[in-house]
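# Structural features, examined
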Amino acid sequence: MIDIHAHVLWGVDDGPKELARSIKMLDLAREDDIDTLFTTSHYSPDLPGKLPEKLAELTPYAKERGIQLISGSEIDYVHLAGTRPLPTLGKSKFILVDMRQPFLEMSAPHVLSQLSLDGYNVIIAHPERLFMEPDLRTVHTLLELDCLFQLNASSIAGRHGAHSQNIAFKIIRSGLAHYVGSDAHSLHRPFYMTTARKMVKDKFGEDVAQLLFEENASQLIAGNAPFKVTPPKRKWWQLFG
Ligand SMILES: [Fe+2]
């Protein structure tokens with residue numbers, strides 16, 4: 001699997017504190033069947049200089065475990081308007097954005113439209129943890145602003161409660177999800193990708209699981225837009241399950 005959202009670099013954000021823990025996280029990633037991992041530490045203006053060094057230091061340990069590391073960042077909404085260039089996922093024009101608040105700032109339509117004009121493709125991280133309206137109103141608004149959506153494997157696995165899990169399933173069922181990533185931060189907040197993939201497969205079928213956990217991220221690495229993920233319609237007798 002390809003994980004487009006993980007905090008595995010040490011000492012740069014609220015992820016692992018030491019190299020030894022980063023290496024243990026790689027062991028967990030391997031056990032979780034992850035072969036490609038984007039190192040998406042939280043962006044801050046003083047970080048970009050440090051990240052390549054840390055990535056280079058961790059890369060041999062990842063290789064030993066059969067994992068390819070790709071550079072990235074998770075960018076807080078507050079940095080979107082004033083920062084150019086923005087750190088992208090690998091060599092693509094995709095950026096991973098944490099909206100931070102459970103509502104959209106007044107400035108969001110302008111800021112997000114400007115990103116499109118500047119050639120960036122915005123992926124909103126974990127909408128199911130922020131925008132929990134039953135009608136997915138904010139998710140639909142963001143979709144109209146050309147945003148893509150990455151769900152957390154931990155939400156799908158139920159680690160943040162039934163409500164965000166249900167919203168995650170609803171986003172998938174509505175054809176609005178594009179990627180699943182882990183947002184792993186530590187040995188105690190690990191990947192959950194295998195668990196989540198099995199749940200998605202059981203609920204929506206193998207094709208949907210493959211698009212969300214592998215194929216769309218693979219397209220991203222190639223610089224391409226994701227495929228739309230449209231789960232098959234449920235039969236009437238499944239509606240009560
Ligand atoms: Fe994150």
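Predicted, not measured: the structure shown is a model, and the values here were computed from it.

Reading the values: rules and limits
Residues numbered from 1 in each chain as written. Predicted model: local features only at pLDDT ≥ 70, side-chain atom pairs only at ≥ 80, totals over all residues. Heavy atoms only, no water. Helix = DSSP H or I, 4+ residues; strand = E, 2+ residues; numbered from the N terminus. Buried < 20%, exposed > 50% of the residue type's maximum accessible area, 1.4 Å probe, protein only. Pairing = 2+ DSSP bridges. Right-handed = clockwise from strand over helix to strand, strands pointing away. Salt bridge = Lys/Arg side-chain N within 4 Å of Asp/Glu carboxyl O.

## What to know about unusual backbone geometry
In this structure, the amide linkage connecting Arg84 to the following residue, Pro85, adopts the cis form with an omega of -10°. With respect to the secondary-structure elements, Pro85 resides in the loop between strand 3 (68–76) and strand 4 (94–98). Phi at His126 takes a positive value of approximately 35°, unusual for a residue other than glycine. Looking at the secondary structure, you find His126 in the loop between strand 5 (121–125) and helix 4 (127–130).

## Notes on the pairing of strand 1 (residues 2–6)
Judged by how many residues are buried, strand 1 sits mostly within the fold: 5 of 5 residues are covered. Where strand 1 and strand 2 (residues 36–42) come together, 3 bridges link them in parallel fashion. Note that in strand 2 the partner of Asp3 across the bridge is Leu37. In terms of handedness, the path from strand 1 via helix 1 (residues 19–31) over to strand 2 forms a crossover that is right-handed.

## Structural notes on the pattern of salt bridges
Throughout the structure, instances matching the rule amount to 11 salt bridges. The salt bridge involving Asp135 is made with Arg137; its shortest N-O contact spans 3.3 Å. The partly exposed category is assigned to Asp135, whose relative accessible area is 43%. Of the residues examined, Arg137 reaches a relative accessible area of 52% and is grouped as exposed.

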